[in-house]
Amino acid sequence: MCGGNITGPQSGNLSIKKNNYDELMDEYHLCPLNDIGNPKYEFYFLYKNGRCFCKEFIDSLQQKSDIDELAELLAIMGKVDNNNLPQSKYRHITGGKRDRKDVYEFKTKHLRLYAIKKEPDYYLVVAGYKKGQDKDIAKVFRHFNYIPDRIAIKDESDEVEAGKDSGSDDVK
């Protein structure tokens, strides 16, 4: 089960351009995140080897205040349109000179969601964390610096059985 209303993992096909052997073994896929409702951008959860760091973070939220802040984060994502939000809610993240240049942070008082902006019109939501910002940003760069250019898109109708690909043709 995938995407939609912040639900579950699948596996996917992709074309890969990497140099590191271990990274060649990684499997990626995208699942639509339909809770956003942004008229300009589409949002997708990014799964790496069947694991979605952002989904795990969201599922771990238990306190009512955290769940309320998550709703606020989704609303902020729904409003993003060419840097029209204040830096206190949405900002470009820079790492070292070898790190990705397309990472953005959506934030509330205590929660952060990190996304990779893919031109022209979508974001790959890769991770979420509570405060601890510098450590969290380092994790994002460590785990997602080498994602491929093309990744299969799965949705709720795509079922995966024992790790076999469902054969989706959609690719971003």
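Right above here is the structure, for reference.
Residues numbered from 1 in each chain as written. Predicted model: local features only at pLDDT ≥ 70, side-chain atom pairs only at ≥ 80, totals over all residues. Heavy atoms only, no water.

Caption draft 1: Geometry of the environment of Ala 71. Relative to the elements of secondary structure, Ala 71 occurs in helix H3 (residues 64-79). Residue Ala 71 is classed as partly exposed on the basis of its relative accessible area of 46%. For the pair Ala 71 and Asp 35, spaced 36 residues apart in sequence, the C-alpha to C-alpha distance is 9.6 Å. (Helix = DSSP H or I, 4+ residues; strand = E, 2+ residues; numbered from the N terminus. Buried < 20%, exposed > 50% of the residue type's maximum accessible area, 1.4 Å probe, protein only.)

Caption draft 2: Geometry of the side chain of Arg 100. Mapped onto the elements of the fold, Arg 100 is located in the loop between strand E4 (90-93) and strand E5 (103-107). Polar side-chain contacts of Arg 100 include one of 2.8 Å to the side chain of Asp 102. Not counting residues up to four positions away in its chain, the partners in contact with Arg 100 are Ile 116, Lys 118, Phe 141, Phe 144, Asn 145, Tyr 146 and Ile 147. (Polar contact = N/O pair within 3.5 Å; in protein donor to acceptor, adjacent residues only side chain to side chain. Contact = heavy atoms within 4.5 Å.)

Caption draft 3: Focus on the nonpolar core. Phe 43, Phe 45, Met 77, Val 80, Phe 106, Tyr 123 and Val 125 are the most contacted members of the largest nonpolar core, which totals 27 residues. Going through the elements one at a time, strand E3 (42-48), helix H2 (53-60), H3, E5, strand E6 (111-118) and strand E7 (122-130) are the ones with two or more residues in this core. Sort the elements by how many residues they give to this core and H3 lands first, with five residues. Counting residues in each nonpolar core, the second largest holds 21 residues, with Tyr 28, Val 103, Phe 144 and Ile 153 among its members. (Core = buried A, V, L, I, M, F, W, Y, C linked by side-chain atoms within 4.5 Å.)

Caption draft 4: Just the packing of aromatic side chains, in detail. Under the definition given, this model contains nine aromatic pairs. Centroid distance Phe 43 to Tyr 123: 5.1 Å. Interplanar angle 5 degrees. Geometry classified as stacked. Taken as a pair, Phe 43 in strand E3 and Tyr 123 in strand E7 lie far apart in primary sequence, 80 residues in all. With respect to class, Phe 43 is no different from Tyr 123; both count as buried. Taken together, a centroid distance of 6.1 Å and an interplanar angle of 50 degrees make the contact between Tyr 114 and Tyr 129 tilted. Highlighted residues: Tyr 114 in strand E6 and Tyr 129 in strand E7, separated in sequence by 15 residues. The same class applies to Tyr 114 as to Tyr 129, namely buried. Put simply, the rings of Tyr 41, Phe 43, Tyr 90, Tyr 104, Phe 106 and Tyr 123 touch in pairs and so form one group of aromatic residues. Lying over the aromatic face of Tyr 104, Lys 117 brings its terminal NZ or CZ to 5.7 Å of the ring centre. (Phe/Tyr/Trp six-rings, centres within 6.5 Å; stacked < 30°, edge-to-face > 60°. Lys NZ or Arg CZ within 6 Å of the ring centre and 35° of its normal.)

Caption draft 5: Inspection of the pattern of salt bridges at higher detail. Tallying each qualifying case throughout the model produces 12 salt bridges. Here Arg 51 makes a salt bridge to Glu 56, at a shortest N to O gap of 2.9 Å. By relative accessible area, Arg 51 is classed as partly exposed at 39%. In this structure Glu 56 comes out as partly exposed when scored by relative accessible area, which is 37%. Residues Glu 119 and Lys 117 are paired through a salt bridge, measuring 3.9 Å at the closest nitrogen-oxygen approach. (Salt bridge = Lys/Arg side-chain N within 4 Å of Asp/Glu carboxyl O.)

Spatial relationships are all this shows, so hold off on functional conclusions.
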